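# Geometric and topological summary
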Amino acid sequence: MQLRIYFNPAELNFVETSVEDIYIVIDVMRATTTMTIMFEQGARHVLAAQTLDQALEAGQKVPGRILCGEYHTETPPGFDFGNSPAQFAQMDLANQELVLTTSNGTRALFACPNDSIRLAGCFYNGNAVAAAALALAQERHSNIAIVCAAEYGYFALEDTACAGYLAQELLQQYPDLAIHDSTHGAITIYENYPPATLLEKARSSQDLLALGQKKDLEYCLSKNSSTCVPMVTGVEAETGLLRLAYPATELVSI
Ligand SMILES: O=C(O)[C@H](CS(=O)(=O)O)OP(=O)(O)O
């Protein structure tokens with residue numbers, strides 16, 4: 001079993017990807033942390049949209065859906081909530097369906113091959129997402145790919161550090177995993193930029209601090225606080241949104 005790490009979703013355009021691989025998508029600040037917390041709070045589904053318009057349309061289509069997301073960190077007009085993990089952590093989302101669109105994280109899910117298994121990974125569910133990816137890869141005799149959402153196409157320190165952290169977790173749980181240069185690079189970055197250092201140095205941390213979202217950083221930079229592993233379980237035919245669930249009891253269309 002092999003592990004490859006992509007530091008930017010665009011890299012997927014230049015390699016031969018396999019639909020059989022298990023893709024862990026990381027957007028530490030904040031999309032994949034937020035998704036994990038939504039399920040932690042009881043959400044039934046999170047529907048990931050690629051654009052604001054797609055999200056608005058999907059929100060209007062089904063009454064009762066909660067429309068969430070951001071455009072340049074702000075809650076867009078017409079949306080119920082933004083993309084704050086700290087805010088969702090205070091909400092009872094039992095059985096709710098949420099539509100989520102964000103600048104980088106939800107798009108990174110779409111950058112992976114259609115019909116592939118995609119898991120939302122972050123520091124917050126690190127241990128659990130590594131275990132889930134390994135179980136799926138073993139069951140399917142496939143490889144694992146970690147895809148960093150990055151930041152508007154640019155390298156993101158916190159996503160890469162988290163990729164290194166997940167790589168360490170994967171190697172601990174499955175020492176026979178074959179790794180490549182990208183894994184050595186990500187682990188070195190994690191060792192030099194653990195969460196406490198990311199808080200100080202990562203640009204996204206600075207941006208969130210400037211916006212008064214310090215509480216979000218506590219969630220985004222906390223390790224192994226959840227066993228929830230959001231998984232793409234299909235595509236909503238009418239809207240094209242990716243449906244995520246946890247537990248993924250509906251693994252029928254992939
Ligand atoms: O909501 C976020 O934190 C970001 C937006 S920005 O990059 O901080 O402007 O979106 P995400 O897709 O979660 O990275």
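Structure report, in brief. Please read these numbers as outputs of a predicted model, since none were measured by experiment. (Residues numbered from 1 in each chain as written. Predicted model: local features only at pLDDT ≥ 70, side-chain atom pairs only at ≥ 80, totals over all residues.)

## Details of the overall build of the protein
So the rule is basically this: Helix numbering and strand numbering both begin at the N terminus, where a helix is a DSSP run of H or I of at least 4 residues and a strand a DSSP run of E of at least 2. In this description the radius of gyration comes from C-alpha coordinates, and the expected globular size is given by 2.2 Å times residues to the power 0.38. Neighbour counting defines burial: a residue surrounded by 20 or more other C-beta atoms within 10 Å of its own C-beta is buried, one with 12 or fewer is exposed, and intermediate counts give partly exposed, using backbone-placed C-beta atoms. Distance between backbone-placed C-beta atoms decides contact: two residues are in contact if it is within 7 Å.
Secondary structure summary: the protein contains 10 helices and 9 strands in total. Radius of gyration (C-alpha) of the protein: 17 Å, near the 18 Å computed for a compact globule of 254 residues. If one aligns the C-alpha atoms of the protein with their principal axes, the spans along those axes are about 50 × 40 × 30 Å. Among the 254 residues that make up the protein, the fraction classed as buried is 50%. Residue pairs in contact within the protein that sit at least 24 positions apart in sequence constitute 77% of those at least 6 positions apart.

## A closer look at helix 9 (residues 203-210)
This is how the line gets drawn: Directions drawn from the helix axis to the C-beta atoms are what define this arc.
Three or more residues of helix 9 are buried, namely S204, S205 and L208. Buried positions in helix 9, seen along its axis, are confined to an arc of 105 degrees and lie on one side of it. Along helix 9, the residues that are exposed and aim more than 90 degrees away from the buried face are Q206 and A210.

## Description of the site of the ligand
Just so we agree on the cut-off: Throughout this description, a residue near a molecule or strand is one whose C-beta atom, derived from the backbone, lies within 6 Å of it. Three classes are used, and their members are as follows: Ala, Val, Leu, Ile, Met, Phe, Trp, Tyr, Cys and Pro are nonpolar, Asp, Glu, Lys and Arg are charged, and the others, Gly among them, are polar.
In the vicinity of the ligand, 16 residues are found, and the nearest of them are A31, N83, T102, N104 and G105. For the shell around the ligand, the per-class residue count stands at 3 nonpolar, 8 polar and 5 charged.

## Here's the deal with the environment of T73
Position of T73 relative to the elements: it lies in the loop between strand 4 (66-69) and helix 3 (85-88). Its 18 C-beta neighbours within 10 Å are what place T73 among the partly exposed residues. Expressed as a C-alpha distance, the spacing of T73 and D53, which sit 20 residues apart in the sequence, is 17 Å. The contact partners of T73, leaving out residues within four places of it in the chain, are D207 and L211.

## Points about the packing of helix 6 (residues 157-173) against helix 7 (residues 181-192)
Filter applied, for reference: Angles run from 0 to 180 degrees between N-to-C directions of axes, and those axes are lines fitted to C-alpha atoms, restricted for helices to the stretch in contact. Here the angle decides the label: under 35 degrees means roughly parallel, over 145 means roughly antiparallel, 65 to 115 means roughly perpendicular, and every other value means oblique.
Here helix 6 crosses helix 7 at 105 degrees, and the two axes come no closer than 7 Å. Between helix 6 and helix 7, the crossing angle belongs to the class labelled roughly perpendicular. On helix 7, the residues that touch T160, A161, A163, G164, Y165, A167 and Q168 of helix 6 are T183, A186, I187, I189 and Y190. Broken down by class, the residue content of the contact of helix 6 with helix 7 amounts to 8 nonpolar, 4 polar and no charged.

## Here's the deal with the pairing of strand 9 (residues 242-245)
Counted only if it meets this: The criterion for strand pairing is that DSSP finds at least two bridges linking the strands in question.
By the alternation rule, side chains of strand 9 split into L242 and L244, which are all buried, and R243 and A245, of which none is buried. As defined by bridge partners, strand 3 (residues 45-48) adjoins strand 9 across 3 bridges and the pair is classed as antiparallel. Residue pairing in the sheet places A48 in a bridge with L242 of strand 9. Sheet topology note: the strand 8 (residues 231-235)/strand 9 ladder contains 4 bridges and is antiparallel. Bridging across to strand 9, M231 finds its partner in A245.

## Here's the deal with the environment of E40
Assignment of secondary structure puts E40 in helix 1 (residues 31-40). Setting aside anything within four residues of it in sequence, one finds E40 in contact with S226 and C228.

## Here's the deal with helix 7
Worth spelling out the cut-off: To estimate the expected span of a helix, subtract one from its residue number and multiply by 1.5 Å.
Taking 1.5 Å per residue as the helical rise, helix 7 with its 12 residues ought to reach 16 Å, and the 17 Å between its terminal C-alpha atoms agrees with that figure. Among all positions of helix 7, only S182, T183, A186, I187, I189 and Y190 are buried. The buried side chains of helix 7 occupy one side of the element, clustering within an arc of 160 degrees when seen end-on. Exposed residues pointing more than 90 degrees away from the buried face of helix 7 are listed as D181, E191 and N192. Those residues of helix 7 hidden inside the fold are in contact with strand 1 (3-6) and helix 6.

## Regarding unusual backbone geometry
Cis geometry is adopted by the peptide bond preceding R30, which originates at M29 and carries an omega value of 10 degrees. The residue after Y246, namely P247, is reached through a cis peptide bond having omega -5 degrees. Mapped onto the elements, P247 comes out in the segment after strand 9. Of note in the backbone geometry, H72 takes a positive phi value of approximately 50 degrees without being a glycine. Within the fold, H72 resides in the loop between strand 4 and helix 3. A positive phi angle, near 70 degrees, is found at D115, a position not held by glycine. Given 13 C-beta atoms within a 10 Å radius, D115 is considered partly exposed.

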